[in-house]
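# Structure assessment
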Amino acid sequence: MMENQRTGTAIDGSVRRPRAGLVLGMLCFVYVLNFLDRQLISILAKPVQDALHISDNQLGRLTGLYFALFYCFIAIPVGWLADRTHRVNVLAAACALWSAATAACGMAGSYGQLAVARMAVGVGEAGGVPPSYAIISDYFPRERRGTAMAIFNLGPPLGSALGVAFGASLAAAFDWRVPFYLIGGIGVLTAVAVYLLVAEPRRGAHDAPEVTDRNAAPPSSFMATIAGFFANPVLALASIASGGANFITYGISNFATLLLMREKGMTLGEVAIWYALVVAIAMSAGIYASGRLIDRFTKRSRAAYGYLPALSLVVAAPFFIGFVWSPHWQWALVFLTVPMFLNSFFLPATVAFVQDEVSPDKRVISGALLLLVMNFIGLGLGPTYVGMASDFFHATWGAHSLQAALYALTPMYLIAALLFVGLARLIGRTERVTKGIPR
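Let us look at the structure shown here.

Calculation rules
- Residues numbered from 1 in each chain as written.
- Predicted model: local features only at pLDDT ≥ 70, side-chain atom pairs only at ≥ 80, totals over all residues.
- Heavy atoms only, no water.
- Helix = DSSP H or I, 4+ residues; strand = E, 2+ residues; numbered from the N terminus.
- Buried < 20%, exposed > 50% of the residue type's maximum accessible area, 1.4 Å probe, protein only.
- Contact = heavy atoms within 4.5 Å.
- Phe/Tyr/Trp six-rings, centres within 6.5 Å; stacked < 30°, edge-to-face > 60°.
- Bend = angle between axes of the 7 residues up to and from the residue.
- Axes fitted to C-alpha atoms, helices over the stretch in contact; angles between N-to-C directions.
- Parallel < 35°, antiparallel > 145°, perpendicular 65-115°, else oblique.
- Left-handed = near helix turned anticlockwise from the far one by under 90°.
- Nonpolar A, V, L, I, M, F, W, Y, C, P; charged D, E, K, R; others polar.

All right, on to the side chain of N246 then. Among the structural elements, N246 can be located in helix α12 (residues 233-253). Exposure remark for N246: the relative accessible area of 6% places this residue in the buried category. The contact partners of N246, leaving out residues within four places of it in the chain, are G251, F346, M374, N375 and G378.

What follows is the structure, given as structure tokens:
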């Protein structure tokens, strides 16, 4: 078997396992930077608010709606393009763009300038995750994709933790602008490394022949591909359920440090150590555990793609209430550990399900469509809702208005869990029909 000497990838599309592991590690690091850049403003919310004189409502729009509008919708044409061109090149260019825009955030002198820079970050990050999903799916066979996606999705907790640890430390030692400059520069160098070192895998390299044969059909048009995704009730419900869970995830993460510092007495230095450890350990362990459980239980029934996230959300809800209620930051972090472990169980499950459900030539745009719904609901509306609620409750709750806003987030746990139960039942019915078993 001949090999491409530059990339280490076999010409017939099969991939050596060491090369697959290296690529997964690089893509995970890119996702770490992706999420670190995305969350840096939330992590440094207090000094940014003090310097630029912005309200909780403005902060919610800045970290949520303004970013999500560009991140979600631009991902669709970028995904369609990547499915028809070179996915690795798209990823490298996107990483360079969002990293440069992150550095520009540090130069902002007003709320308007910061908003424009954040929108540019969203434009760049639109080309980050969907191509990575598809690349991973073509490096790993179906029976290992849940774990591979879980490892890739360690990017958010590691990115958040590193952002808290290094971002808060640098801001405390120097200035809140320094982390933006440093992390943006690292991202540009990483983009060059991706371009030079990551090989473009053959589409459908690890899929069954009947799945790969779908590529023989003429490519669907842009609008037909989008319509086909949302016409599939299982894919549509998976996206909406993920959006409900992500509403919780971003509603918490974009305001957690602000709550801990403003209402529970944490200092920036304490945030850099203790909150960073909770995010890094609990969320990372939860995402990895979810991937392993998905690989195990979906061998019996694919309905586990829905039941596992539903169960995790139900168990997490009372501990989230404990986090918001706790009068001291030490107890708040103890309670927060459980939701941090369980809240993201949905992510590897949903991503692996969508990548398995569609043909290889539609994986990037399908991942982009999943992220469109998931992040427009979660990233776009979650922080916006919490920020607006905090300003609304200020008249009655005063200094504890953010605590009241997070209490108001709690019902989303039940809503998201019910959506995932519905997804599991729909997947189960589809499985029975496929196997010819009466309903």
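From this point, the discussion proceeds with the structure in view.
With that out of the way, let us pick up helix α6 (residues 129-139). By the criterion of burial, α6 is predominantly enclosed, with 11 of the 11 residues buried. Within α6, burial applies to V129, P130, P131, S132, Y133, A134, I135, I136, S137, D138 and Y139.

The description of an aromatic ring pair rests on the distance of the ring centres and on the angle between the ring planes. The final tally for this structure, using the stated rule, is 14 aromatic pairs. One aromatic cluster is present, built from ring pairs that chain together Y31, Y133 and F152.

Below, the discussion takes up unusual backbone geometry. The residue H53 is not glycine, and still its phi comes out positive at about 55 degrees. Structurally, the position occupied by H53 is in the loop between α2 (45-52) and α3 (56-84).

Looking at the secondary structure, you find G251 in helix α12. Distance from G251 to G387, taken between C-alpha atoms, is 8.8 Å for residues 136 residues apart in sequence. Aside from chain neighbours lying at most four places away, what touches G251 is N246, G382, P383, V386, L406 and L409.

Take helix α18 (residues 363-397) next. Where α18 bends most, the angle comes to about 40 degrees, and this point is N375. Looking at the residues trailing α18, positive phi occurs at G398, about 60 degrees.

We now examine the packing of helix α4 (residues 87-105) against helix α5 (residues 111-125). Their axes nearest at 7 Å, the elements α4 and α5 cross at an angle of 165 degrees. When the axis of α4 is compared with that of α5, the two are roughly antiparallel. The crossing of α4 and α5 is left-handed. Seen from α4, the contacting residues are A94, L97, W98, A101, T102, A104 and C105; seen from α5, they are L114, A117, R118, A120, V121, V123, G124 and E125. Here the residues of the contact of α4 with α5 are counted per class, giving 11 nonpolar, 2 polar and 2 charged.

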